[in-house]
There are 2 protein chains.
Amino acid sequence: MPNPTARPSPKARRATLDDVAQCAGVSYQTVSRVVNEHPSVAAATRRRVLEVIDKLGYRPNRAARSLVTRRSNTIGMVSFSTKYYGPGQMVVNLETALRQRGFSLTLTTLDGPSLAEMRRAIDELTARNLDGLVIITPVAGIDFGAVAPLCGDTPFVMIDALPDERAHSVVIDQAQGAGLATEHLIGLGHRTVAEISGPLDWHDARFRHEGWLAALRGAGIGPGRSVASDWTAAGGYAAAGELLALREAFSALFVGNDQMALGAIRALRDADLRIPEDVSVVGFDDVPEAAFYDPPLTTVRQDFQALGRQSVDYLTTLIDAPDTPPHQRVLYAQLVVRASTTSAAAERPARG
Amino acid sequence: MPNPTARPSPKARRATLDDVAQCAGVSYQTVSRVVNEHPSVAAATRRRVLEVIDKLGYRPNRAARSLVTRRSNTIGMVSFSTKYYGPGQMVVNLETALRQRGFSLTLTTLDGPSLAEMRRAIDELTARNLDGLVIITPVAGIDFGAVAPLCGDTPFVMIDALPDERAHSVVIDQAQGAGLATEHLIGLGHRTVAEISGPLDWHDARFRHEGWLAALRGAGIGPGRSVASDWTAAGGYAAAGELLALREAFSALFVGNDQMALGAIRALRDADLRIPEDVSVVGFDDVPEAAFYDPPLTTVRQDFQALGRQSVDYLTTLIDAPDTPPHQRVLYAQLVVRASTTSAAAERPARG
DNA sequence: TGCTAGGATGTGGGCGTTCACATTTCGCCT
DNA sequence: AGGCGAAATGTGAACGCCCACATCCTAGCA
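Bear in mind the structure is a predicted one, so any value in this text is a computation, not a measurement.

Engineer: Which residues make up the nonpolar core, and what values go with them?
Structural biologist: If you look at the biggest cluster of nonpolar residues, it comprises 179 residues, and the most contacted ones within it are Val134 and Ala264 of chain A together with Val134 and Ala264 of chain B. Residues within four places of alanine 264 of chain B in sequence aside, it is in contact with Ile196, Gly236, Tyr237, Ala239, Ala240, Leu253, Val255 and Val281 of chain B.

So, in structure tokens, the structure goes:
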């Protein structure tokens, strides 16, 4: 509609099956067979057709193919805020895993964690005959019940979602990871373990928080103080300030991610506390820089690559066998001990 | 699904224009008009059709639409190694900018910087009737000349690419940014400014390197020692070690990105050098954590959001007006001064 | 030599849309 | 009241491909 005169097609049209067929002196169906590697094509014919394809630069039109096959060899992904480390890693690793399986990726991120946004995103994606969807729902409020009706019968797996027995999902066990971290601190003799958590409407933040609580309870230790923050270093800095302002002693601090831990360490130092001598600090994620923080950060590693692979694996089985009973694939986190934690031998709690 | 008698096919077929048309008692064309917000549809008809659309859960089939319009409302993006901060940021910010313009994103990353990989990726994308392409080519070897023929007549803009007057491109001026950093150091009185660069087959690394050289030359100062590394903190650590092993004095260090700067700082400290008293360090990128490094890192900020917006803006004008003459849109970097740099007053060069 | 099985190839139809054009409907002016 | 033009609606034909089926050919066997 923009340009009426452009219509008569000065634009070199792309070669089609028919073009190739005519040029090679066969029917378009034969060309189609060659393209799709159908067995019953004579070797000579195939060769000739391939030559013409090459000469004409023919590429099958995916839209046309998709229209009739109802498949697109593409999977869609919807995610919140890829600016955070976790979601960002998920996107990257998913893309890699998908590509290795021959799928393409169409990516949509959500402006905010609203259902309307989710509907927009999923509508957008399902309109494209996508073979499957990967949905990252790290924030409370959008659960399986809300997402499922939007997807129609497009198979989808959820990542980083609230457990739901009806959902196909893949998760990294956050509570277990947090337990590892907290038990490590307890094992070092710490009896006052404070926490800076992520925003508690994020599932990851909540589960890490609960893992921290559970580990303390398991050791018969009362929960320390906990302040929620926003995943950022600046937030971690502020949260540590709040913790210190409470003037309650803690010799160890479990922080919901590495960035906040970095900020917290700075705040603690600003208050003349030494890490780890005065306060042991554990982070979460094991970002590549964590080993070079000052001090090198003890943290919990998540294997995002495995997460990506598992998700793609699950989704492809689901595409091939839609009746696969829903289950949850769980991956486990791993503790990485570095120099930001030490034994509480000379217990000298902060602001004690 | 709800109505088993509706169709012999077990799979609930998605509602089509025709279904809606029949159900609403109009022709499919009228429904199409409603969907596409064509003006000449009676208000009553429009309302009725919309109701049916809602009731049937009709969604236009993008593949079919794309087949006839030769547009997909989707743009494709090909990128290397999104695991690095820069490329990763580009993807995220591009997606955001695209979404605000109503485009979807199909993303492909390359296994390696080979032309074959690039061909695979672009073929994959152009087969999908994409409206345009954004191609990130941060590494030498794949330039406009190599990419252009692969794209056919799909408009594309290049990001992070070698300047080429034939190319539509958007870049952040790396040399300028490096100049800012180096001049800052010179301004502080430093006369021996070493460098840890990124891999020099990356354009960004090379241009930063050249910016560093140019600034020194401009001030009549001989170039300091330079070691190339790999963008990682571990690499920065090792590179700083190499630099120290040369036993040549330097009071300032320009590092190609923040992660390497972090590693370098650790290495310098391991050698009992104080930052910034003994060595001033400048990074590049201004990652969100840089302000909380120890010491807070002086660095050069790149506005990836603006880069994303500019790229999308350029690409959309290109889509609407394919004959737009190629040009390069240049964005400028910005110096962020923090505590990792100080004046060279009490010049006490490293290993002097 | 004739018949048949199966490999190789061609034909018709339709996937769900949009486009260009044809047709109907209606309000309004003289 | 007649007629005219614009608004509203409908029709036929693609878009490029895959599917099911029909047809042709070749070789192998009795």
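Picking up after the structure, the text goes on.
Engineer: Can you lay out the protein's contact with DNA strand C for me, pointing to particular residues and giving the numbers?
Structural biologist: Lining the immediate surroundings of DNA strand C are 28 residues, of which Ser27 and Ser40 of chain A together with Leu17, Asn61 and Ala64 of chain B lie closest. Taken together, the elements giving at least two residues each to the surface near DNA strand C come down to α2 (28–35) and α4 (62–69) of chain A together with α2 (28–35) and α4 (62–69) of chain B. The greatest single-element share of the surface near DNA strand C, amounting to 5 residues, is contributed by α4 of chain B. Of the residues contributing to the surface near DNA strand C, the split by class is 14 nonpolar, 11 polar and 3 charged.

Engineer: Requested: an account of the protein's contact with DNA strand D, with residues and values cited.
Structural biologist: Around DNA strand D lies a shell of 25 residues, among which Thr16, Leu17, Asn61 and Ala64 of chain A together with Ser27 of chain B are the nearest. Elements with a contribution of two residues or more to the surface near DNA strand D: α2 and α4 of chain A together with α2 and α4 of chain B. The greatest single-element share of the surface near DNA strand D, amounting to 5 residues, is contributed by α4 of chain A. Its residues assigned to classes, the surface near DNA strand D comprises 12 nonpolar, 11 polar and 2 charged.

Engineer: Got a sec to walk through the domain arrangement of chain A? Specific residues and values, please.
Structural biologist: The extent of an interface is frequently quoted as the accessible surface area lost upon association of the parts. Residue and element names in this part refer to chain A. According to the domain assignment, chain A consists of domain 1 (13–60), domain 2 (70–167 + 304–327) and domain 3 (174–298). Computed over C-alpha atoms only, the centres of domain 2 and domain 3 are separated by 31 Å. With 9 residues of domain 2 in contact, the opposing surface of domain 3 contributes 8 residues. The residue makeup of the side of domain 2 that touches domain 3, split by class, is 7 nonpolar, 1 polar and 1 charged.

Engineer: Lay out the sheet that holds strand β2 (residues 104–110) of chain A with the relevant residues and their values.
Structural biologist: Here we have 12 strands laid out as an open sheet, ordered β11(A)-β5(A)-β4(A)-β3(A)-β1(A)-β2(A)-β2(B)-β1(B)-β3(B)-β4(B)-β5(B)-β11(B), and mixed in their pairing. Since the sheet does not close on itself, it has two edges, and those belong to β11 (328–331) of chain A together with β11 (328–332) of chain B, each with one partner. Ignoring which end each strand starts from, the neighbouring axes of this sheet average 20° apart. As defined by bridge partners, strand β4 (residues 156–159) of chain A adjoins strand β5 (residues 169–172) of chain A across 2 bridges and the pair is classed as parallel. Counted as the bridge partner of isoleucine 159 of chain A is valine 170 of chain A from β5 of chain A. In the packing of helix α5 (residues 85–100) of chain B onto the sheet, the strands contacted are β2 of chain A together with β1 (74–80), β2 (104–110), β3 (132–136) and β4 (156–159) of chain B, and the crossing angle to β1 of chain B comes to about 175°. In the packing of helix α8 (residues 174–187) of chain B onto the sheet, the strands contacted are β5 (169–173) and β11 of chain B, and the crossing angle to β5 of chain B comes to about 10°.

Engineer: Describe the relation of the copies chain A and chain B, with residues and values.
Structural biologist: Turning chain A through 180° and shifting it by 0.0 Å along the axis lays it on chain B, with an RMSD of 0.1 Å. What we have between these two chains is a two-fold relation. Interface residue correspondence from chain A to chain B reaches 95%, placing this contact among same-surface, isologous pairings.

Engineer: Any chance you could break down the environment of valine 26 of chain B for me, citing the residues and the numbers?
Structural biologist: Residues and elements named next belong to chain B. Note that valine 26 resides in the loop between α1 (17–24) and α2. A residue is classified by how many C-beta atoms lie within 10 Å of it, and valine 26, with 18 of them, is partly exposed. When the C-alpha atoms of valine 26 and arginine 14 are compared, they prove to be 19 Å apart, with 12 residues separating the residues in sequence.

Engineer: Explain the interface of chain A and chain B to me, using residue names and the numbers behind them.
Structural biologist: On the chain B side, the residues contacting the 43 residues of chain A number 43 residues. Elements with a contribution of two residues or more to the side of chain A that touches chain B: α4, α5 (85–100), β2, α6 (115–126), α10 (233–245) and α11 (258–270) of chain A. In terms of residue count, the dominant contributor to the side of chain A that touches chain B is β2 of chain A (6 residues). Across the side of chain A that touches chain B, the residue classes break down as 16 nonpolar, 14 polar and 13 charged. Note that β2 of chain A and β2 of chain B share 3 bridges and pair antiparallel. The residue of β2 of chain B that forms the bridge with threonine 106 of chain A is threonine 106 of chain B.

Engineer: Let's hear about the sheet that holds strand β8 (residues 252–255) of chain A: which residues, and what values?
Structural biologist: Residues and elements named next belong to chain A. Read across the sheet, 4 strands follow the order β7-β6-β8-β9 without closing on themselves; strand pairing throughout is parallel. Of all the strands in the sheet, just β7 (226–228) and β9 (280–282) have a single pairing partner and so form its edges. On average, adjacent strands in this sheet sit at an angle of 15° to one another, irrespective of strand direction. Sheet contacts for helix α8 (residues 174–187): β6 (193–197), β8 and β9; angle to β8, the most-contacted strand, approximately 170°. Taken strand by strand, α11 contacts β6, β8 and β9, and its axis lies near 145° from that of β8.

About the cut-offs
- Note on numbering: residues in each chain are counted from 1, in written sequence order.
- Think of it this way: whatever chain is written first is A, whatever ligand is written first is 1, and the rest follow in order.
- Local features in this predicted model are restricted to residues of pLDDT 70 or higher, and side-chain atom pairs are both shown and tallied only at a pLDDT of 80 or more, whereas totals for entire chains, interfaces and linings draw on every residue.
- When buried Ala, Val, Leu, Ile, Met, Phe, Trp, Tyr and Cys residues are joined through C-beta atoms within 7 Å, the set is termed a nonpolar core.
- Exposure is read from a count of other C-beta atoms within 10 Å of each residue's own; the residue is exposed at 12 or fewer, buried at 20 or more and partly exposed in between. C-beta atoms are placed from the backbone.
- We call two residues in contact when the distance between their C-beta atoms, placed using the backbone, is within 7 Å.
- All residues are tested the same way: a C-beta atom is placed from the backbone, and lying within 6 Å of a molecule or strand makes the residue near it.
- Secondary structure elements follow DSSP: runs of H or I of four or more residues count as helices, runs of E of two or more count as strands, with numbering from the N terminus.
- We call Asp, Glu, Lys and Arg charged. Ala, Val, Leu, Ile, Met, Phe, Trp, Tyr, Cys and Pro are nonpolar, and the rest, Gly among them, are polar.
- Where each domain starts and ends follows an automatic or database-derived domain assignment.
- Pairing between strands requires that DSSP locate at least two bridges from one strand to the other.
- Axes here mean lines fitted to C-alpha atoms, for a helix over just the part in contact, with angles spanning 0 to 180 degrees between N-to-C directions.
- A least-squares superposition brings the copies together, and it is based on the C-alpha atoms of residues with pLDDT no lower than 70 in both.

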